[in-house]
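A look at the structure
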Amino acid sequence: MNNYYFTKDTSIGKITVEEIDEYISGIYFGDFSEISDEIYLKKNTETIENVFLQLEEYFEGKRQEFDIKILIRGTEFQKKVWNALMEIPYGKAVSYKYIAEKIGNPNASRAVGNANNKNRIMILIPCHRVISKDGKLVGYAGGLDKKKKLLEIEKINIKKRCL
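Residues numbered from 1 in each chain as written. Predicted model: local features only at pLDDT ≥ 70, side-chain atom pairs only at ≥ 80, totals over all residues. Heavy atoms only, no water.

With that settled, consider the pairing of strand S1 (residues 3-10). The two faces of the sheet receive side chains in turn, since in a regular strand these alternate between them. Strand direction decides the pairing type here: S1 and strand S2 (residues 13-20), joined by 8 bridges, are antiparallel. Bridge pairing in S2 places Thr10 opposite Gly13. In sequence, S1 turns back onto S2 through a hairpin of 2 residues. Bridge count between S1 and strand S4 (residues 41-42): 2 bridges; the pairing is parallel. Opposite Tyr4, over in S4, you have Leu41 as the bridge partner. (Pairing = 2+ DSSP bridges. Helix = DSSP H or I, 4+ residues; strand = E, 2+ residues; numbered from the N terminus.)

A separate point is the pattern of salt bridges. Applying the stated rule across the entire model yields 10 salt bridges. Between Arg63 and Glu57 there is a salt bridge; the shortest N-O distance is 2.8 Å. Among the ionic pairs, Glu154 bridges to Arg129, the shortest N-O distance being 2.9 Å. Of this pair, Glu154 sits in helix H5 (residues 144-162) while Arg129 sits in the loop between helix H4 (109-117) and strand S6 (130-131), placing them 25 residues apart in sequence. The class for Glu154 is buried, based on a relative accessible area of 1%. (Salt bridge = Lys/Arg side-chain N within 4 Å of Asp/Glu carboxyl O. Buried < 20%, exposed > 50% of the residue type's maximum accessible area, 1.4 Å probe, protein only.)

Bringing unusual backbone geometry into the picture now. Phi is positive for Glu22, close to 70°, though the residue is something other than glycine. Backbone geometry at Ile123 places phi at a positive 75°, although glycine is not the residue there.

A separate point is H4. Taken residue by residue, H4 has Val112, Ala115 and Asn116 as its buried positions. Projected onto a plane normal to the axis of H4, the buried residues spread over an arc of 100° and lie on a single side. Those residues of H4 hidden inside the fold are in contact with helix H2 (76-85), helix H3 (96-102) and S6. (Arc of directions from axis to C-beta. Contact = heavy atoms within 4.5 Å.)

Contact geometry for H2 and H4: axes closest at 9 Å, N-to-C directions at 85°. On the basis of their axis angle, the class for H2 and H4 is roughly perpendicular. On H4, the residues touching Phe77, Gln78, Val81, Trp82 and Leu85 of H2 are Ala111, Val112, Ala115 and Asn116. Looking at the contact of H2 with H4 residue by residue, the class counts come to 7 nonpolar, 2 polar and no charged. (Axes fitted to C-alpha atoms, helices over the stretch in contact; angles between N-to-C directions. Parallel < 35°, antiparallel > 145°, perpendicular 65-115°, else oblique. Nonpolar A, V, L, I, M, F, W, Y, C, P; charged D, E, K, R; others polar.)

In the numbering used here, UniProt assigns the feature "active site" (unreviewed entry) to Cys127. Along the chain, the position of Cys127 falls in the loop between H4 and S6. With sequence-adjacent residues up to four places away left out, Cys127 is seen in contact with Leu85, Asn116, Asn119, Tyr140 and Lys147. (UniProt positions renumbered as here; feature names shortened; annotations may be inferred.)

Right, let's talk about the pairing of strand S3 (residues 23-29) for a bit. Of all 7 residues making up S3, 6 are buried, and the element is well covered by its neighbours. Pairing geometry for S2 and S3, over 6 bridges, is antiparallel. If you follow Glu19 over to S3, its bridge partner there is Ile24. The turn linking S2 back onto S3 is made up of 2 residues, and Asp21 within it adopts a positive phi angle of 45°.

Set out below in structure tokens:
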């Protein structure tokens, strides 16, 4: 197995990308120091560089969808939640309750929040598009400032495309 990671400065701060055998297995805000050099080799591979390129295009409003192979690791429930997140359209935000209902478990709003918190592939699996039922920004592993920024990027670029 070929496991790599690399951290780079982007227009919205440092991001670390993880790769396992040419599949992206993690995207994190910051310099993710918990990655073990015994398991992952620090290297900016072609796959990782492609992710950084597509992320910058997204941050600049030039990209709404990603063309990246991802490796989703989690429980069956988490995978259900994350697959539902990938169906949320660019520029739209939904509630935790909405996702719970979408996966057929209407009383699982809190569990949906926990699954979001365990999402290793931020932005590509857009957990930033999930907000509280009353419209407040809550719970984002990357920090609420990053969640707000990502939602603003999408909102601004939706407006630009409509003009």
